[in-house]
Amino acid sequence: MSVHSTSSDAVDTSARKAVVVFSGGQDSTTCLIQALAHYDEVHAITFNYGQRHSQEIAVAQAIAGELGVTAHKVLDLSLLNELAISSLTRDAIPVSSALQDNGLPNTFVPGRNILFLTLAAVYAYQVGAEVVITGVCETDFSGYPDCRDEFVKALNQALCLGLEKPLRLVTPLMWLNKAQTWALADRYGRLDYVRARTLTCYNGLVGEGCGECPACELRARGLQMYLADREQIQAQLATKVAL
Ligand SMILES: [Zn+2]
């Protein structure tokens with residue numbers, strides 16, 4: 001176990017039903033693949049907030065169908081687009097990896113994960129799921145404050161209090177780097193599937209993407225790292241996640 005590992009990183013095999021916050025990207029698709037191997041019922045939930053790459057919804061629907069989830073809920077969240085102005089919600093603002101004055105990249109959508117996880121928890125409540133899984137990651141992501149472990153744990157506590165339910169927010173990728181996330185997909189025999197079918201690119205291109213935006217660069221660098229030394233990265237992964 002890594003020093004960072006906590007109960008919320010681990011797959012809970014005693015739980016029967018899980019809800020996965022699902023965008024059709026590499027990270028959440030890997031979480032979905034893992035969840036399908038460990039839970040009897042897996043519900044995917046996708047939010048339509050008028051994101052820059054609108055085909056994200058169609059990609060998510062296709063993947064959810066191919067992988068065979070119990071149900072896939074697509075929820076309209078256009079109010080987020082109205083309130084939160086970022087390069088992911090406005091075509092007129094180009095995506096940039098440069099940090100703004102507030103220390104965050106302009107892809108940060110304020111409140112996104114607060115809303116996503118809260119609504120996923122309400123959905124979990126409705127379908128009787130004990131677990132909500134999200135692919136947020138603190139390790140090599142862009143420093144989004146709502147991807148931090150501390151935030152997820154605090155919201156988990158608030159949700160349990162507010163819903164009067166023992167719900168758990170599970171973050172399988174929290175301490176993984178991108179190479180290790182590729183290793184996780186590979187462990188479930190889905191490396192090629194995730195490579196070909198998921199959409200991470202900020203310019204909306206499936207698979208390898210545009211190759212130039214920050215999301216493509218991160219994804220490609222992680223894949224190169226993993227393919228260069230599969231064995232070692234699988235060994236690193238084994239120390240970080242309970243499979
Ligand atoms: Zn791209």
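Just so it is clear, the model here is predicted, and its values are computed rather than measured.

Asker: So what's going on with the coordination of the zinc ion? Residues and values would help.
Answerer: Protein coordination at the zinc ion comes from Cys-201 (SG), Cys-210 (SG), Cys-213 (SG) and Cys-216 (SG), with a distance range of 2.3 to 2.4 Å. Around the zinc ion sit four donor atoms; with metal-centred angles ranging over 104 to 116 degrees, the donor geometry is tetrahedral. In the primary sequence, the donor residues of the zinc ion line up as C-x8-C-x2-C-x2-C. Assessed through its relative accessible area of 4%, Cys-216 is described here as buried.

Asker: Talk me through the packing of aromatic side chains; I want residue IDs and the actual numbers.
Answerer: Using the criterion set out here, one finds two aromatic pairs in the structure. On the numbers, 4.3 Å between centres and 20 degrees between planes, the contact of Phe-47 with Phe-116 is stacked. Remark: Phe-116 occurs in helix H4 (residues 112–127) and Phe-47 occurs in strand S2 (residues 41–48); sequence separation between them is 69 residues. Residue Phe-47 shares its accessibility class with Phe-116, and that shared class is buried. One residue, Arg-190, lies across the ring of Tyr-193, its end atom 5.1 Å from the ring centre.

Asker: Tell me about the nonpolar core, and please be specific about residues and values.
Answerer: The biggest cluster of nonpolar side chains holds 71 residues, and the ones touching the most others in it are Val-19, Val-21, Leu-32, Val-132, Ile-133 and Leu-169. Sort the elements by how many residues they give to this core and H4 lands first, with seven residues.

Asker: Describe in detail H4, supporting the description with residues and values.
Answerer: In this model H4 runs 22 Å from its N-terminal to its C-terminal C-alpha over 16 residues, within 8% of the 22 Å that 1.5 Å per residue would give. Burial in H4 covers these residues: Arg-112, Asn-113, Phe-116, Leu-117, Ala-120, Ala-121, Tyr-123, Ala-124 and Val-127. Down the axis, H4 shows its buried residues gathered within 165 degrees of arc, on one side only. One or two steps after H4, the chain reaches Gly-128, where phi turns positive at roughly 75 degrees.

Asker: Go over the confidence of the model for the protein, please, and point to the residues and values.
Answerer: Summary statistics for the protein give a mean pLDDT of 87 and a share of 83% for residues scoring 70 or more. Contacts from residues 1–7, a stretch scored under 50 in pLDDT, to residues over four places away or in other chains number seven contacts.

Asker: Report on helix H5 (residues 149–163), specifying residues and quantitative values.
Answerer: Residues three or four positions apart in an α-helix share a direction because the helix packs 3.6 residues into each turn. Its 15 residues place the ends of H5 21 Å apart at the C-alpha level, agreeing with the 21 Å of an ideal helix rising 1.5 Å per residue. For H5, the elements touching its buried residues are H4 and strand S5 (168–170). Backbone geometry just after H5 places Glu-164 at a positive phi near 55 degrees.

About the thresholds
Residues numbered from 1 in each chain as written. Predicted model: local features only at pLDDT ≥ 70, side-chain atom pairs only at ≥ 80, totals over all residues. Heavy atoms only, no water. Donors = N, O, S within 2.8 Å, 3.2 Å for Na, K, Ca; no water. Tetrahedral: all angles 85-135°; square planar, octahedral: opposite > 155°, others 65-115°. Buried < 20%, exposed > 50% of the residue type's maximum accessible area, 1.4 Å probe, protein only. Phe/Tyr/Trp six-rings, centres within 6.5 Å; stacked < 30°, edge-to-face > 60°. Helix = DSSP H or I, 4+ residues; strand = E, 2+ residues; numbered from the N terminus. Lys NZ or Arg CZ within 6 Å of the ring centre and 35° of its normal. Core = buried A, V, L, I, M, F, W, Y, C linked by side-chain atoms within 4.5 Å. Expected span 1.5 Å × (residues − 1). Arc of directions from axis to C-beta. pLDDT = per-residue confidence, 0-100. Contact = heavy atoms within 4.5 Å.

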